[in-house]
Amino acid sequence: MSEYLVDIRHERLSFFTPAGEVKALNDVSLRMKDGEVLGIVGESGSGKSVTAYSLMGLTADNGKIIGGEVSFNGHRIDQMVEKEIRRIRGKEISIIFQDPMTSLNPVYTIGNQIEEAVRVHGDKSRKEARARARELLELVGINEPDKRLRQYPHELSGGMRQRVMIAIALACEPKLLIADEPTTALDVTIQAQILELMNELKKKLGMGIILITHDLGVVASMCDNIAVMYAGEIVEYGSCDDIFYNPMHEYTKGLLKSIPKFQEKEYSKLVPIEGQPVDLLNPPKGCPFAPRCRSCMRICLSRKPERMEFGDGGHYSRCWLRQKEAFEAGGLNGMPSVGGVTVAGAAPAGAIPNDAVSAGSGMETAVSEKPEGAFPQETREVDS
Ligand SMILES: Nc1ncnc2c1ncn2[C@@H]1O[C@H](COP(=O)(O)OP(=O)(O)OP(=O)(O)O)[C@@H](O)[C@H]1O
Ligand code: SF4
Ligand SMILES: [Mg+2]
């Protein structure tokens, strides 16, 4: 059995629509150990939910895994039929959705809904299930659990409803909890409380957690590792420190510049990432971020960046600029160094096509080939 709880290899997943094939995941690989907390960040439509749901065998009717392998806890999810996956879903993997109001059934009491979750995958009697429901409410920090069990969702505050959703998700003692934007619908104070609760639960129960969010601040507080997604690809992966203090992809750098820094003495302007997300019906040939990247080079428009590793902690990115920097530091044939980080992944000989590194053949600004208006005029200069 794989040593990984989650082991996704080169997954490609498409949705088939009347307008054409939406290439939602393009060569996604991801590994996660037992008890690890992984953050998946990226803007709307980047494939965060699709990646996590495919682990539960949840793809819409028009969706299909068209390549690669998706394994969870030793099960090859991509090869299983719905009936087999159903035994795993809700037992070994649970999910918390963004909006607890739409996920809870308004006509059943909180008690009914948690008990149902407890009984569906176990052989507990009604009485045992009620006792477990009470226990779960206490675990997620809900006061007066006996009273709450008799209440309906509309009688609870937003924060409490989200706690109930977490209790339901924990009912089967999952090995992996997927939290899809679990705090987006809540106000800031309640968001912090829910994150604190999840942190406590992680320590107490030791389960793996995938935390999906577009908010880098959220992942910073609780994740071990972070996968940054863009247009259906993982463009950078690393530990929290790698991503926050040593980002190696231009999109990650853009994300970091666009979050407020409270510790700064003076107000600094937030820098938005300009431009539009990629049309996944017609994704670009090269780097998907190229139309919005201020450092775009010609090669970025025509060839997908190779994966490049930094150090031996698993940090990698897919960005031609890093390959160029390593090459210029004399790294690709020797002991490379990029931004003070040794490139252990070795950027294998030939990773940068020979023709691309010679002057005037790829690794210079892509100005002449950029679509008009793709990024502001004054930012088009790049060292080459
Ligand atoms: N059933 C579907 N049919 C067609 N396209 C789909 C379908 N489900 C998802 N997609 C597309 O797949 C891509 C990835 O979607 P996904 O829901 O994973 O994005 P996300 O990163 O979770 O975004 P958000 O932050 O908005 O939730 C998007 O372009 C989305 O439009
Ligand atoms: S430099 Fe090139 S490869 Fe790197 S993010 Fe920009 S467009 Fe993509
Ligand atoms: Mg989503």
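Counting restarts for each chain, with residues numbered from 1 along the sequence as it is written. Chain letters start at A and ligand numbers start at 1, both assigned in the order the entries are written. Only residues with pLDDT of at least 70 are given local features in this predicted model, and only at 80 or more are side-chain atom pairs given and counted; all residues enter the totals for whole chains, interfaces and linings.

Moving on, we get to the overall build of the chain. The helix count covers DSSP runs of H or I at least four residues long, the strand count covers runs of E at least two residues long, and both are numbered beginning at the N terminus. Summing up its helical and strand segments, the chain has 14 helices and 14 strands in all. Here the chain holds 384 residues, and 42% of them are scored as buried. Taking the intrachain contacts of the chain between residues at least 6 apart in sequence as the baseline, contacts between residues at least 24 apart amount to 62%. Residues with at least 20 neighbouring C-beta atoms inside 10 Å of their own are called buried, those with 12 or fewer are called exposed, and the rest are partly exposed, where every C-beta is derived from the backbone. Placing a C-beta atom from the backbone of each residue, one calls two residues in contact when those atoms lie within 7 Å.

In this section: the site of ligand 2. Surrounding ligand 2, one finds 15 residues, the nearest of these being E250, C287, C293, C300 and C319. Elements represented by at least two residues in the shell around ligand 2 include exactly helix 11 (250-257) and helix 13 (320-328). Of the residues in the shell around ligand 2, the class split is 12 nonpolar, two polar and one charged. Working rule for contacts: place C-beta from the backbone, and if it is within 6 Å of a molecule or strand, that residue counts as near it. The classification used treats Ala, Val, Leu, Ile, Met, Phe, Trp, Tyr, Cys and Pro as nonpolar, Asp, Glu, Lys and Arg as charged, and all other residues, Gly among them, as polar.

Turning our eyes to something else, we now look at the environment of V278. In this fold, V278 is placed in the loop between helix 11 and helix 12 (298-302). When the 21 C-beta atoms within 10 Å are taken as the criterion, V278 is described as buried. Along the sequence, V278 and P291 sit 13 residues apart, while their C-alpha atoms lie 8.5 Å from each other. If sequence neighbours within four positions are ignored, V278 has contacts with A231, P283, P284 and P288.

With that settled, consider the sheet that holds strand 12 (residues 315-317). Only strands joined by at least two bridges in the DSSP assignment are considered to pair. Spatially, eight strands are ordered 6-7-8-3-9-10-12-11 in an open sheet, and the strand pairing comes out mixed. The open sheet terminates on both sides in strands that have one partner only, identified here as strand 6 (93-96) and strand 11 (308-310). The mean angle between the axes of side-by-side strands here comes to 20°, regardless of whether they run parallel or antiparallel. Angular values range over 0 to 180 degrees, each being the angle between N-to-C directions of two axes fitted as lines to C-alpha atoms, with helices fitted over their stretch in contact. Set on the sheet, helix 1 (residues 48-55) makes contact with strand 3 (37-41), strand 6, strand 7 (176-180), strand 8 (208-213) and strand 9 (225-230); between it and strand 8 the angle comes to about 155°. Taken strand by strand, helix 7 (residues 158-170) contacts strand 6 and strand 7, and its axis lies near 170° from that of strand 6.

This part takes up the nonpolar core. With 91 residues, the main nonpolar core has I114, A167, L176, I210, L211, A227 and V228 as its most contacted residues. At eight residues, helix 7 tops the list of elements feeding residues into this core. If near-sequence neighbours (up to four positions away) are discounted, I114 is found in contact with A133, L136, A167, I168 and A171. Throughout this description, the term nonpolar core refers to a group of buried Ala, Val, Leu, Ile, Met, Phe, Trp, Tyr and Cys residues whose C-beta atoms join them within 7 Å.

The next subject is the site of ligand 1. Lining the immediate environment of ligand 1, one finds 17 residues, of which F15, S44, S49, V50 and A60 sit closest. Those elements giving two or more residues to the shell around ligand 1 turn out to be strand 1 (6-17), strand 2 (20-32) and helix 1. Examining the composition of the shell around ligand 1, we find that three residues originate from one element, helix 1, more than from any other. Its residues assigned to classes, the shell around ligand 1 shows six nonpolar, 10 polar and one charged.

Below, the discussion takes up helix 5 (residues 126-139). By this rule the span expected of a helix is its residue count minus one, scaled by 1.5 Å. Between its first and last C-alpha atoms helix 5 spans 20 Å; for 14 residues at 1.5 Å apiece the expected length is 20 Å, and the two agree. When helix 5 is considered as a whole, its buried residues turn out to be A129, A133, L136 and L137. Taken down its axis, helix 5 places every buried residue within 100° of arc, on the same side. Counted as exposed and oriented over 90 degrees from the buried face of helix 5: K127 and E138. In the core, the buried residues of helix 5 are packed alongside helix 4 (110-120), helix 6 (145-149) and helix 7. Phi for G141, located one or two positions after helix 5, is positive at around 75°. Relevant arc is that of directions from the helix axis to the C-beta atoms, nothing else.

It is at 10 Å that the axes of helix 7 and helix 8 (residues 188-205) come closest, and there the two elements cross at 20°. Compared by their axis directions, helix 7 and helix 8 come out roughly parallel. The chirality of how helix 7 crosses helix 8 is right-handed. Contacts between helix 7 and helix 8 involve G158, G159, Q162, R163 and I166 from the former and I190, Q193, I194 and L197 from the latter. Partitioned by chemical class, the residues of the contact of helix 7 with helix 8 number four nonpolar, four polar and one charged. Just so you know how the angles are binned, under 35 degrees is roughly parallel, over 145 roughly antiparallel, 65 to 115 roughly perpendicular, and the rest oblique. Each crossing gets its handedness from the near helix: less than a right angle anticlockwise from the far helix is left-handed, clockwise is right-handed.

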